[in-house]
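Examination of the molecular architecture
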Amino acid sequence: MIGTSSARGQKARAAMAVGAALACLPLAGRAQSGADDSTGTGMATASIATGIPQPLHERPGDPRQGRAIVASRQRGLCLLCHRAPIPEERFQGDIGPDLAGAGDRWTSAQLRLRLADPQRLNPGSLMPSYFRTDHLRQVAPAWRGRTVLAADEIEDVIAYLASLRSTTSAEAAR
Ligand code: HEC
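Let me begin by describing the structure that accompanies this report. (Residues numbered from 1 in each chain as written. Predicted model: local features only at pLDDT ≥ 70, side-chain atom pairs only at ≥ 80, totals over all residues. Heavy atoms only, no water.)

Turning to the overall build of the chain, a few remarks are in order. Helix and strand content of the chain: five helices and two strands. Secondary structure elements of the chain occur, N-terminal to C-terminal, as α-β-α-α-α-β-α. For the chain, the residues scored as buried account for 41% of the 174 residues in total. If you take every contact in the chain between residues at least 6 apart in sequence, the share linking residues at least 24 apart comes to 61%. For the chain, the accessible surface area stands at approximately 9,200 Å², while carbon and sulfur atoms represent 55% of it. (Helix = DSSP H or I, 4+ residues; strand = E, 2+ residues; numbered from the N terminus. Buried < 20%, exposed > 50% of the residue type's maximum accessible area, 1.4 Å probe, protein only. Contact = heavy atoms within 4.5 Å. Areas by Shrake-Rupley, 256 points an atom, 1.4 Å probe, with all protein chains shown as cover.)

In this section: the coordination of the iron atom of the ligand. For a metal with four tetrahedral donors the ideal donor-metal-donor angle is 109.5 degrees, whereas six octahedral donors ideally subtend 90 or 180 degrees. The protein atoms that coordinate the iron atom of the ligand are H82 (NE2) and M127 (SD), at distances of 1.9 to 2.1 Å. Residue classification places M127 among the partly exposed residues on the basis of a relative accessible area of 23%. (Donors = N, O, S within 2.8 Å, 3.2 Å for Na, K, Ca; no water.)

Here E155 shows up in helix α5 (residues 151–162). Of the residues examined, E155 reaches a relative accessible area of 6% and is grouped as buried. Distance from E155 to E58, taken between C-alpha atoms, is 9.2 Å for residues 97 residues apart in sequence. Those residues in contact with E155 that sit more than four places away from it in its chain are P55, L56, H57, R59, G61 and R112.

A separate point is the side chain of H82. Here H82 lies in the loop between α2 (63–71) and α3 (102–105). Of note is the side chain of H82, whose polar atom sits 2.6 Å from the backbone oxygen of P97. Excluding residues that lie within four positions of it along the chain, H82 makes contacts with Q92, G93, G96, P97, L99 and M127. (Polar contact = N/O pair within 3.5 Å; in protein donor to acceptor, adjacent residues only side chain to side chain.)

Rendered as structure tokens:
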């Protein structure tokens with residue numbers, strides 16, 4: 001696995017780079033109670049154990065689009081913190097877990113919660129909440145009231161992550 005203690009200095013530098021890159025994104029505040037549900041849509045049914053079973057958008061997610069969003073330094077920014085089986089992207093992060101095999105570890109409902117609102121699971125999470133507008137601090141004016149990814153983009157990313165099974169992850173959604 002990547003991300004052993006020998007990589008601590010590198011991690012600190014990566015964290016600084018991530019902080020700079022994320023300066024334009026809504027910085028998530030700590031969840032106040034975890035009991036509120038002001039985001040509407042399927043978020044109202046979120047539960048820590050099962051996640052968010054209800055898709056956030058009627059169009060089924062497209063794993064190829066999801067892969068593009070995850071790889072993108074403008075849209076997903078996922079590779080600042082994660083590795084993923086996207087070999088053409090050279091610089092990948094190790095602040096969060098490797099996304100390879102995510103489809104083996106989590107159901108789509110669990111992935112949806114992890115993406116939409118990771119702070120609900122871990123109030124100290126470094127991972128931005130990609131679909132949440134409540135309880136955010138330091139939001140740049142252009143981002144107020146907006147989520148980082150749109151509902152259909154969240155579904156695309158979930159379809160991609162769900163396709164990352166241990167046997168096929170290197171080829172998933174290519
Ligand atoms: C600023 C760093 C950062 C960014 C950007 C980020 N994540 Fe994360 N992610 C984390 C961390 C750290 C964790 C570990 C759990 C925690 O601390 O909340 C995590 C956990 C996860 C998990 C659960 C992984 C597991 O197997 O336990 C998934 C899935 C995930 N992230 C997907 C994504 C996707 C997809 C994106 C981009 C749309 C993304 N992350 C962007 C930091 C980040």
